[in-house]
Amino acid sequence: MLNRTLFGARFLVCLAAFMTSTLAPVSAAVKQTKGDFVDKFRQLDEVLPTPNVFRNAAGAPGHEYWQQQVDYQIAVTLDETKRQLSAQQVISYTNNSPDTLRYLWVHLEQNRFRADSIAETTEEFGGLGRRGPTSARPSDDSPAQISLGDLRRQQFMADVALGYQQLEVTTLDGTALPFTVITEQMRIDLAKPLASGEQVQVKINFAFNILEEDAVGARSGYEHFPDDARKGGNDIYLLAQWFPRVAAYSDYEAWHNKPFLGRGEFALEFGNYDVKMTVPADHIVASTGVLENAQEVLTQAQQERLQQAQNAKRPVYIVTPAEALENEKAATSDTRTWHFSAENVRDFAWASSRKFIWDAKGYHQGGDVQPLVMAMSFYPKEGGELWQKYSTESVIHTMEVYSRYTFDYPYPTSLSVNGPVGGMEYPMITFNGPRTIWHEDGTRTYTLAEKRFLIGVVIHEVGHNYFPMIVNSDERQWTWMDEGLNSFLDGVAGREWDPNIPWGVEPRDVVDYMKSDVQVPVMTQSDSVLKLGPNAYTKPAVALNILREVILGREQFDFAFKEYSRRWRNKRPTPADFFRTMEEASGVDLDWFWHGWFYTTDHVDIAVDRVYKLRIDTKNPDIDFKRRRQEENDKPSSLFVERNKAEGKKTWVERNPDVRDFHDENDRFTVTNEDRNAYQKFLAELEPWERKVFERAVKEDKNYYVFDFSNVGGLVMPILLQLNYTDGSEELRYIPAEIWRRSPQEVSKLIVTEKEIQSVVVDPGWETADVNIENNFYPRRIIPSRIESYKAKKREGWEYKDIMHNIKQPLKKPDVKIKKK
C-alpha cells in the first residue's frame, strides 16, 4: 500500500510488501493497451542476415570466408597541354569465390559526369546534393535562385567532352572482348567461364579529359593557377577514380554493381598494383605505393634528404619552397616516367605538379608489420607555413592514435597532398584542401579556422586508411561504416591533439539534427540520405562515443572495437559483422542500442516529470499521528481566514470561550488506546524476520524517493541522474537502459538515500545527446538565455529606392581585382 502526494508523502508498509521483499510501484507506467507497442529491446538477429560459413554468429569471418583478388598493371600518360589522361592497363582477376563467373562488372566513374549518366539526369533543382544546395525553388515572394558555381559547372560540362573517350577491351593477345557500357558501368563478357580458383587477364585501353575540380566538384581533377610566373600558369592534378576498376563480388551481394551517383563512395577488391606515370619532366609525383625508380626521377640531393628525413625530429624538405617556386617559372616539353608499386591495396590514386613543395618525416612505429613509415606532404606555395608546420605532423599523430585502437599501420608511406579537393582518401595518399591567405604586401597568413580545418581534415582522411582502405566496408551501401567509425576515431585523435578544437563528435553536436525533420535512419543507403554529414559522420560517431564513455566503459569498448578491426583487417565486413562483434567481444547485449541509433529516427529526450518524497510510517500512533498533524499544519491556511485575522475579526469560538467541549481540545490526530492496541497487535502478528526488518527500517528512517521518468524522444537510453542534497553534496546514479524494457514510454524508480534531496538533474554532463535539457531538471529551473537590443532597419524594396537621387550618381570605373600570388 502506498499513499503519496506530490511534494511529500507517507509510506505505508503493509505485510504483503514485506512478504515479497519489494516495494509497490508508484504508478502503472505501461501504456501499450492500444496496439501501439514497440519492442525497443527486440533481438536484432531477427533483422540481421542469418550467420553462415562465410560470416559466423560472433561477427567474425567464417571458416569458408573468401574474397576476390584483382591486380593491375597500368601505364598512364598525363598530357598537360590537353589536360588529358591516356592509359593501357592489364587486369589480372582471380576468382576465389565458389561460383563460376561468365562476365566481369567494371566501374567507369569518369562516366558519372556524362550528360546521360544516372547521376546527372536525376540531379534535383533545389535539392540536397553532395555539394550542398546550389539552387532554390521559387516562392510566392522571391524568384528561383541558382548559384554562379552551378552555372560554372554547367558551362564546363557543356564545353568539355567528359567520360571515357575511348575504350578498348581485349585479351592479352589482342582478341577483342565484347563489352557493354551502361553509363557508369561496363560489363565485360569473358571468352570462357571463369571457374572457382582460376584467373583471367583483360587488357583495357582508355583515355579521358581531366575535370576541373573547382568547376565540377568531382573528388579529383585539376586546379589552375593563372597567376604563376610561367606563361599560361600551372596546374595541380589530383587523379582518382581515373582507371576502370573491377567491381567487388561478395558472398552476400554477388556483384556490387550499384552505379556511382556522386555521394556513395566505393566498394573494391584488394590487389597488387604496378603503375608507371609519364608526366612532364619538371613535375613531382605523389602516389599510392612505393617509388621504385627514385634514382631515375629524383636528384641526388633529394634522395639524400629522404634518407635524412627518416630520423628527423621535424619534417625535412625534399623539394624546398625555393626549388618549387623556381619550377613554377618555366615548363619543359620533356617527360619523365615515375614507377610505383603497391601490395594488397584496394585502390590507387596519385597527384602531379611542378608546384609541389615536398617534406617528409619518418614515423618509427616499431613492431613487425611496418617498423618505419615515411609520412610526407606535397603542397604548393599557397599552402605555406600552415602546411609546413602541421600537415606531416598530423599524419604521424593520426597513425600513432589509430594504431592503438586498431592495428599497426601496414603501409610504407602515408601522404597528405594539397590541391582543389577539400578532403578525400585513398590507400597511402590523401587530398586535403586548406591553405594560407596571400596579402598585397607579399605575406601569407592563415586563420584559426584554416588551421583547425587542416589538422582536422588530415587526421580524418589519413584515418580512412584504416576504415575503409584496410577494414574494407562497402561505402556505397553503408557510408556510416567508414565515415562514422572514422569520425569516431578522428574525434579521439583530434581531442588528443587539442581538445579545444571543436571536433563535432560530442553528444551535444548531434542534438539539432536528431530533433530535425530531415532525418533518415543511419542504415539508409548512401545516395538516399538527406543530410549526409550529420547522418553518416556525426550521428554514428556520437553513438560510438556514448557507447564507449557511458554504456560499456572504455576498457570493454576498446577491446571489442580492436577485435572488430583485427578480425576484418583486409576483409569486407557488413553492419551485422560489426554489431555482432561488438556484442560478442564486450559481452553486452546491445541490440536495443543498434536498433535505436541506427535503424530509427528516434531521438533522446528523457524527462523527469515528478519526484515524490516518501517516509515510512512507524505504525506507532504516538509518532505517526504527530507527524500527520504537523503535515496538516504545514498546509497554507485559507486566504479568507488570513484576511479576517489581518482585519482583527474574531471567530464565534474565540468570542465565546465559555462554550467548550471535548472536540475543542481533541482532533482526528488524538491518539487513543484503541490505536495503541492496534499497533501492538500489528507487531505481535509479525514473523520474527518481518519484525526485525520493520523495526530496522523505522529506526533508520531513510528518505524514500520515487522518480517518474518519461521517454519523450522514443530512443531508450540509460538514465544518468545527479542527486543534489540539501547539505550541498552531489551524487551520480547510473540507471541502465534496461529499465525501459517493459515500459519504453514511462517508468518509475525508487531511490533510497541517507540524506535529503534538494533537486535532481538528468544527464547533467550532456553525455547522451538529450535534445531538451530543460525537462531534465526537477524542480524545473529558470531557463537562461540572452536578449539583444537592435536598431530598426529602414524599409527595403524597390518602391522605397530613391530613384530620383540615384540616377544622378556618377558611373564608377570597375574595381581592379588584386591578383593572388
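Because the structure is a prediction, the values reported are computed rather than measured.

Undergrad: Help me understand the sheet that holds strand S20 (residues 335-345), please; the structure alone is not making it clear to me.
TA: Pairing between the strands of a sheet comes from backbone hydrogen bonds, and it takes one of two forms, parallel or antiparallel. The strand order across the open sheet formed by seven strands is S7-S10-S3-S2-S16-S20-S18, and the pairing between neighbours is mixed. Looking along the sheet, the strands with just one partner apiece sit at the ends: strand S7 (164-170) and strand S18 (290-291).

Undergrad: Whenever I open this one, the sheet that holds strand S4 (residues 101-107) confuses me. Can you help?
TA: Within the open sheet, the four strands sit side by side as S8-S9-S4-S13. Their pairing is antiparallel. Strands at the two margins of the open sheet, each flanked by one partner only, are strand S8 (179-182) and strand S13 (245-246). Two elements, S4 and S13, share two bridges in a ladder whose sense is antiparallel. Its bridge partner lying in S13, valine 106 is registered against valine 246.

Undergrad: Please explain the side chain of glutamate 425 as it appears in this structure.
TA: Turning to its location among the elements, glutamate 425 is positioned in strand S25 (residues 423-426). Those residues in contact with glutamate 425 that lie beyond four places of it in its chain are Glu265, Thr430, Glu461, His464, Met469, Glu475, Asp482 and Glu483.

Undergrad: Sorry, what's going on with the environment of serine 729 here?
TA: Along the chain, the position of serine 729 falls in the loop between strand S31 (719-725) and strand S32 (730-735). On the basis of relative accessible area, serine 729 is assigned to the partly exposed category, the value being 21%. Every residue in contact with serine 729, bar those within four places of it in the chain, is listed here: Leu723, Asn724 and Lys755. Of note is the side chain of serine 729, whose polar atom sits 2.5 Å from the side chain of lysine 755.

Undergrad: Help me out: how do you make sense of helix H21 (residues 688-700) in this one?
TA: In an α-helix, one full turn covers 3.6 residues, which means residues spaced three or four apart are oriented alike. Look at H21: 18 Å from first C-alpha to last across 13 residues, which is about the 18 Å you get at 1.5 Å a residue. Three or more residues of H21 are buried, namely Glu690, Phe694 and Ala697. The arc that holds every buried residue of H21, seen down its axis, measures 65°, which confines them to one face. Every exposed residue of H21 that faces more than 90 degrees away from the buried side is listed here: Pro688, Lys692, Arg696 and Lys699. Looking at the residues trailing H21, positive phi occurs at aspartate 701, about 50°.

Undergrad: Before we go on, may I ask you to explain the packing of helix H14 (residues 575-586) against helix H15 (residues 591-598) in this structure?
TA: Axes are the key here: two packed helices are described by the angle between their axes and the distance separating the axes. Running from N to C, H14 and H15 point in directions that differ by 145°, and their axes come no closer than 10 Å. As for the relative orientation of H14 and H15, their crossing is right-handed in sense. Here Phe578, Phe579, Met582 and Glu583 of H14 lie close against H15, whose contacting residues are Asp591, Trp594 and Phe598. Here the residues of the contact of H14 with H15 sort into five nonpolar, no polar and two charged.

Undergrad: What's the story with the pattern of salt bridges in this structure? I'm lost.
TA: When the charged atoms of two side chains lie near each other, side chains of opposite charge can form a pair. Tallying each qualifying case throughout the model produces 59 salt bridges. One salt bridge in this structure joins glutamate 788 and arginine 786, with 2.9 Å as the shortest N-O distance. If you follow the salt bridges from partner to partner, you end up with Asp228, Glu328, Lys355, Lys381 and Glu382 in one network.

Undergrad: For this particular structure, what's the right way to read the confidence of the model for the protein chain?
TA: Low pLDDT marks regions whose predicted coordinates should not be analysed in detail. When pLDDT is averaged along the protein chain, the result is 92, and 93% of the positions lie at 70 or above. Every residue in residues 1-8 scores below 50 in pLDDT, and together they form 26 contacts with partners more than four places removed in sequence or on other chains. Note that pLDDT drops below 50 for residues 14-29; the model gives that stretch 26 contacts with residues more than four away or on any other chain.

Undergrad: Can you walk me through the nonpolar core in this structure?
TA: The tendency in soluble globular proteins is for nonpolar side chains to be buried as a group. Residues Trp242, Trp350, Phe578, Trp597, Phe707 and Phe709 are the most contacted members of the largest nonpolar core, which totals 191 residues. Discounting chain neighbours no more than four positions away, the residues touching phenylalanine 707 are Val608, Arg610, Val611, Leu721, Leu723, Val747, Ser748, Lys749, Ile751, Ile757 and Val760. One finds Leu614, Ile616, Tyr704 and Val706 within the second-largest nonpolar core, a separate group that totals six residues.

Undergrad: Where do I start with unusual backbone geometry in this structure?
TA: Most peptide bonds are trans, and most residues other than glycine sit at a negative phi. Look at the link from phenylalanine 467 to proline 468: it is a cis peptide, with omega at 15°. Position of proline 468 among the secondary structure elements: in the loop between helix H9 (448-463) and helix H10 (480-497). Of the consecutive residues tyrosine 778 and proline 779, the connecting peptide bond is found in the cis state with omega at -5°. Take proline 779: it is sitting in the loop between strand S35 (777-778) and helix H22 (803-806). The residue arginine 83 is not glycine, and still its phi comes out positive at about 50°. Inspection of the secondary structure puts arginine 83 in the loop between strand S2 (69-79) and strand S3 (84-94). What makes arginine 83 partly exposed here is its relative accessible area of 24%.

Undergrad: Mind showing me how you'd approach the side chain of asparagine 776 here?
TA: Looking at where asparagine 776 falls in the secondary structure, it is placed in the loop between strand S34 (757-762) and S35. Judged by relative accessible area, which is 1%, asparagine 776 ranks as buried. In this structure asparagine 776 touches Ile606, Val608, Val760, Val761, Val762, Asp763 and Asp770, once residues within four positions along its chain are discounted.

Definitions and limits used
Residues numbered from 1 in each chain as written. Predicted model: local features only at pLDDT ≥ 70, side-chain atom pairs only at ≥ 80, totals over all residues. Heavy atoms only, no water. Pairing = 2+ DSSP bridges. Helix = DSSP H or I, 4+ residues; strand = E, 2+ residues; numbered from the N terminus. Contact = heavy atoms within 4.5 Å. Buried < 20%, exposed > 50% of the residue type's maximum accessible area, 1.4 Å probe, protein only. Polar contact = N/O pair within 3.5 Å; in protein donor to acceptor, adjacent residues only side chain to side chain. Expected span 1.5 Å × (residues − 1). Arc of directions from axis to C-beta. Axes fitted to C-alpha atoms, helices over the stretch in contact; angles between N-to-C directions. Left-handed = near helix turned anticlockwise from the far one by under 90°. Nonpolar A, V, L, I, M, F, W, Y, C, P; charged D, E, K, R; others polar. Salt bridge = Lys/Arg side-chain N within 4 Å of Asp/Glu carboxyl O. pLDDT = per-residue confidence, 0-100. Core = buried A, V, L, I, M, F, W, Y, C linked by side-chain atoms within 4.5 Å.

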